[in-house]
Amino acid sequence: GAYAHFSDTMTGEAGPLTLDYWPLARNEAAARLQFRQTPHVVACFEHWFGPFPWYADGLKLVETPHLGMEHQSAVAYGNGYQNGYRGRDLSGSGVGLAWDFIIVHELAHEWWGNSLTTADIADMWVHESFGNYAENLYAECQQGREAGARYVIGTRDGIQNDVPIVGPYGVNRRGSGDMYSKGGNLLHTIRQVVDDDARWRAVLRGLQSTFRHQIVTGQQVQDYVSEQTGRDFSRVFAQYLTTTQIPTLEYRVEGATLHYRWADVVPGFNLPVRAALGGGAMAWLSR
C-alpha cells in the first residue's frame, strides 16, 4: 500500500519509547489527530501494569483493512480513525466514546497476550479478560474511577453465558466469547473485594514482572492473584470461568440478624457480601 510514516518519542517508565505510525497516505491527517491518544494509553497502562514490554522494539500502529490485532510491538489498526468500537460504545454508557477502542484494547495485549502468553488457547481468557479490563482502567485514567466502573458494568449487557469461558485443553479450542466482558467484570469484582487499590495494582504489575516474556497457564495466573491478595479466589474463578451459572444472593433479616447465602454456585463459592447492618457503615461480610 501507499503508506505515510510519522514518529514521536515519549518518556516512559523504562526511558525513551519510540512511537512509529504507518497510516495509508490518504489518511495521514486523520491519523495525526487520532494517534495522539497513544502516549496517554501507554502511560496509563504502564501505571497499572508496569513498563511497556518491548522498549527495544518500540511501539508501532499500522493501518490495516481489518479492524485490529495485537502483534508484538506493532498493532494492526483498522478502526477508521474514530472513537469507540467502529464509532459505537460497547458499554452503552457513553464512556467508551471518549477514546479509540482499538488503540486501547490492542495496546493492552502488548502486556496481556504478547508478554504474558498462555500455553493453551483454552486459557485465552487471560489475554482477553485482562484486555477488556484494561479498557475499564483506561476509562478510569481518563475520566475517573466512577466512569471506569460505569464502563465495565455497562459491558455486562454483552454477556451470553452460553458455554464456559475456559475451553477444553489440548485440542486447540477456545471457550466462550464471554472471556471479554464477563472476564473483565470478574476482574473488576475481584478488585472490589480486595478493597485496596495499592495492593491490586501491585498484583497486576507483579503478574507482568513475574511472568514477563513467559508462557503461563491460566491456573498460574489464578494462583498468583490468590497468593498476592491474601484471599483464596479459587472458587470465584471456578464459578465464573468454568460454569455458566449465575450466582443468586438469597437473604432474610430476622431482628438484628442478617441471614444470607449464595445459590446456584460451585461448592465452596466464597464471594463476600458488602452490607450495612443496623444503620452502620458498609462492611464486607464473609462466611
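Residues numbered from 1 in each chain as written. Predicted model: local features only at pLDDT ≥ 70, side-chain atom pairs only at ≥ 80, totals over all residues. Heavy atoms only, no water.

Turning to the sheet that holds strand 1 (residues 6-12), a few remarks are in order. Reading across from one edge, 1-2-3-5-4 is the order of the five strands in this open sheet, with mixed pairing throughout. The two strands at the open ends of the sheet, each matched to only one other strand, are strand 1 and strand 4 (68-69). With two bridges connecting them, strand 4 and strand 5 (residues 74-77) associate as antiparallel partners. Residue pairing for strand 5: M69 is matched across the bridge by A76. Running at roughly 145° to strand 5, helix 3 (residues 101-108) makes contact with strand 3 (59-63), strand 4 and strand 5 of the sheet. (Pairing = 2+ DSSP bridges. Helix = DSSP H or I, 4+ residues; strand = E, 2+ residues; numbered from the N terminus. Contact = heavy atoms within 4.5 Å. Axes fitted to C-alpha atoms, helices over the stretch in contact; angles between N-to-C directions.)

Our focus in this paragraph is the state of the cysteines. Under the defined criterion, the tally for this structure stands at one disulfide. Between the sulfur atoms of C44 and its disulfide partner C141 the distance amounts to 2.1 Å. Across the S-S bond linking C44 and C141, the dihedral sits near 75°, which makes this disulfide right-handed. Of the two residues, C44 sits in helix 2 (residues 38-49) while C141 sits in helix 4 (residues 125-143), which places them 97 residues apart along the sequence. The class of C44 is buried, set by a relative accessible area of 4%. (Disulfide = S-S within 2.5 Å. Buried < 20%, exposed > 50% of the residue type's maximum accessible area, 1.4 Å probe, protein only.)

A word on the nonpolar core. It is characteristic of soluble globular proteins that their nonpolar side chains tend to be buried jointly. F35, F45, F49, W125, F130, W200 and L207 are the most contacted members of the largest nonpolar core, which has 70 residues in total. No other element matches helix 4, which puts eight residues into this core. Leaving out residues up to four positions away in the same chain, F130 has contacts with W112, W125, L187, L204, L207 and V221. (Core = buried A, V, L, I, M, F, W, Y, C linked by side-chain atoms within 4.5 Å.)

How two helices sit against one another is set out by the angle between their axes and by the gap between those axes. One way to put it is that helix 4 packs onto helix 6 (residues 181-194) with a least axis distance of 7 Å and a crossing angle of 60°. Of the possible angle classes, the one that applies to helix 4 and helix 6 is oblique. As helix 4 runs across helix 6, the sense of the crossing is right-handed. Residues S129, F130, N132, Y133, N136, L137 and E140 of helix 4 lie in contact with helix 6, whose contacting residues are S181, G183, G184, L187, H188 and R191. In terms of residue class, the contact of helix 4 with helix 6 is made up of four nonpolar, seven polar and two charged. (Parallel < 35°, antiparallel > 145°, perpendicular 65-115°, else oblique. Left-handed = near helix turned anticlockwise from the far one by under 90°. Nonpolar A, V, L, I, M, F, W, Y, C, P; charged D, E, K, R; others polar.)

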